[in-house]
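Residue-level structural notes
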Amino acid sequence: MGSAKKSSAARTARIEEMRRAEQARERRNRILVAAASVVVVAGLVAGGVVLVQAQSDDGGSSAADDAKTAGKFATDADGVRAWKGTLGREHVTKSVDYPVTPPVGGDHNPVWMNCNGDVYADEINPTNAVHSLEHGAVWVTYNGNAPKAEVEALAAKVRKTPYTLMSPVDGQKDPVVLTAWGHQRTVTGAADPAVDAFLEKFVQGQQTPEPGAACTGGLSK
């Protein structure tokens, strides 16, 4: 019992520390954005011609080259599926044909989905969500078979947890899935002990390619 209380207290302290760090990053970002806006505008004007030319040369393909994302899952003793193989990390503006749904990583959109406990009622672009995973977020997803009560309970848990986001994914096989960069598992619902265990391990966990990167300032819908 004492060990469980210590673990819970440590997790709460870590979440509060992440909230404070995120707020500090937001303040710095506002200053940097204001200072960089003139440079960005100039770059967009100069780069517009290059972008148009690049779009003309790509042959109209709708999916990015996914050769850098290859491998398969191996299930760990705790029930978490770990991706064994490569996961691309290039920024792309095209759609990506990910090998699994929901994706556990790979090339992704330059803009992340906000993941500061954000709950989305509609499906989101997976290329933006994968960028959130790269920042150390856990993505909670569900399909039409997930009971409404469980969805609501999971949403309440997500809203209390920084570096998480939640959305429906109709194409996934299981009713409820938790995903981090390179890791994934199914759960039965909000009361499943595996939910807290997954959040504890993978929210800004060791698997994070870009620890400390922002989970705000991206897309909100």
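Conventions used here
Residues numbered from 1 in each chain as written. Predicted model: local features only at pLDDT ≥ 70, side-chain atom pairs only at ≥ 80, totals over all residues. Heavy atoms only, no water. Helix = DSSP H or I, 4+ residues; strand = E, 2+ residues; numbered from the N terminus. Buried < 20%, exposed > 50% of the residue type's maximum accessible area, 1.4 Å probe, protein only. Contact = heavy atoms within 4.5 Å. Areas by Shrake-Rupley, 256 points an atom, 1.4 Å probe, with all protein chains shown as cover. Core = buried A, V, L, I, M, F, W, Y, C linked by side-chain atoms within 4.5 Å. Disulfide = S-S within 2.5 Å. Phe/Tyr/Trp six-rings, centres within 6.5 Å; stacked < 30°, edge-to-face > 60°. Lys NZ or Arg CZ within 6 Å of the ring centre and 35° of its normal. Pairing = 2+ DSSP bridges.

Let us now look at the overall build of the protein chain. Scanning the protein chain from terminus to terminus reveals four helices and seven strands. If you list the helices and strands of the protein chain from N to C, you get α-β-β-β-α-β-α-β-β-β-α. Sorting the 221 residues of the protein chain into buried and exposed places 42% on the buried side. Restricting the contact set of the protein chain to residue pairs at least 6 apart, pairs at least 24 apart contribute 69%. Summed over its atoms, the accessible surface of the protein chain is roughly 12000 Å², and 56% of this surface lies on carbon and sulfur atoms.

Right, let's get into the environment of Thr-179. When you line up the elements, Thr-179 lands in strand 6 (residues 176-180). Sequence separation of Thr-179 and Val-140 is 39 residues, and the distance between their C-alpha atoms is 6.5 Å. When neighbours within four sequence positions are excluded, Thr-179 is seen to be in contact with Pro-102, Pro-103, Val-104, Leu-133, Ala-137, Val-138, Trp-139, Gln-184 and Phe-198.

Counting 38 residues, the largest nonpolar core has Val-138, Leu-165 and Met-166 as its most contacted members. Every element with two or more residues in this core is listed here: helix 2 (126-134), strand 4 (138-142), helix 3 (148-159), strand 5 (164-168), strand 6 and helix 4 (193-202). Among the elements that take part in this core, helix 4 stands out by supplying five residues, more than any other. Leaving out residues up to four positions away in the same chain, Val-138 has contacts with Tyr-163, Thr-164, Leu-165, Thr-179, Ala-180, Phe-198, Leu-199, Phe-202 and Val-203.

Evaluated as defined, the whole model comprises one disulfide. Between the sulfur atoms of Cys-115 and its disulfide mate Cys-215 the distance is 1.7 Å. Its S-S torsion of about -90° marks the bond between Cys-115 and Cys-215 as left-handed, since a negative value means left-handed. Of the two residues, Cys-115 sits in the loop between strand 2 (81-86) and strand 3 (116-119) while Cys-215 sits in the segment after helix 4, which places them 100 residues apart along the sequence.

All right, on to helix 2 then. For helix 2, a buried count of eight out of nine residues is recorded, marking the element as mostly surrounded by other parts of the structure. Those residues of helix 2 that fall on the buried side of the exposure criterion are Thr-127, Asn-128, Ala-129, Val-130, His-131, Ser-132, Leu-133 and Glu-134. Those residues of helix 2 that are buried are in contact with strand 4, strand 5 and strand 6. Count one or two residues on from helix 2 and you reach Gly-136, which has phi positive near 95°.

For the coordinates displayed, the defined rule picks out two aromatic pairs. Here Phe-73 and Trp-83 contribute two aromatic rings whose centre-to-centre distance is 5.3 Å and whose plane-to-plane angle is 85°, an arrangement assigned as edge-to-face. You can see Phe-73 sitting in strand 1 (residues 70-75) and its partner Trp-83 sitting in strand 2, a full ten residues away along the chain. When the centroid spacing of 4.5 Å and the interplanar angle of 45° are considered together, the rings of Phe-198 and Phe-202 count as tilted. Here Phe-202 and Phe-198 lie together in helix 4, a separation of four residues that amounts to about one turn. Each member of the pair, Phe-198 together with Phe-202, is buried. Of note, Arg-81 hangs over the ring of Phe-73, and the distance from its end group to the ring centre comes to 5.4 Å.

Time to look at the side chain of Gln-172. For Gln-172, the position within the fold is in the loop between strand 5 and strand 6. Excluding its chain neighbours within four sequence positions, the residues that come into contact with Gln-172 are Thr-101, Pro-102, Thr-141, Tyr-142, Asn-143 and Val-177.

Put simply, side chains in a regular strand alternate between the two faces of the sheet. As paired elements, strand 2 and strand 7 (residues 183-186) share two bridges and run antiparallel to each other. Paired with Ala-82 across the bridge in strand 7 is His-183. Where strand 6 hands over to strand 7, the hairpin turn is made up of two residues, of which Gly-182 adopts a positive phi near 80°.

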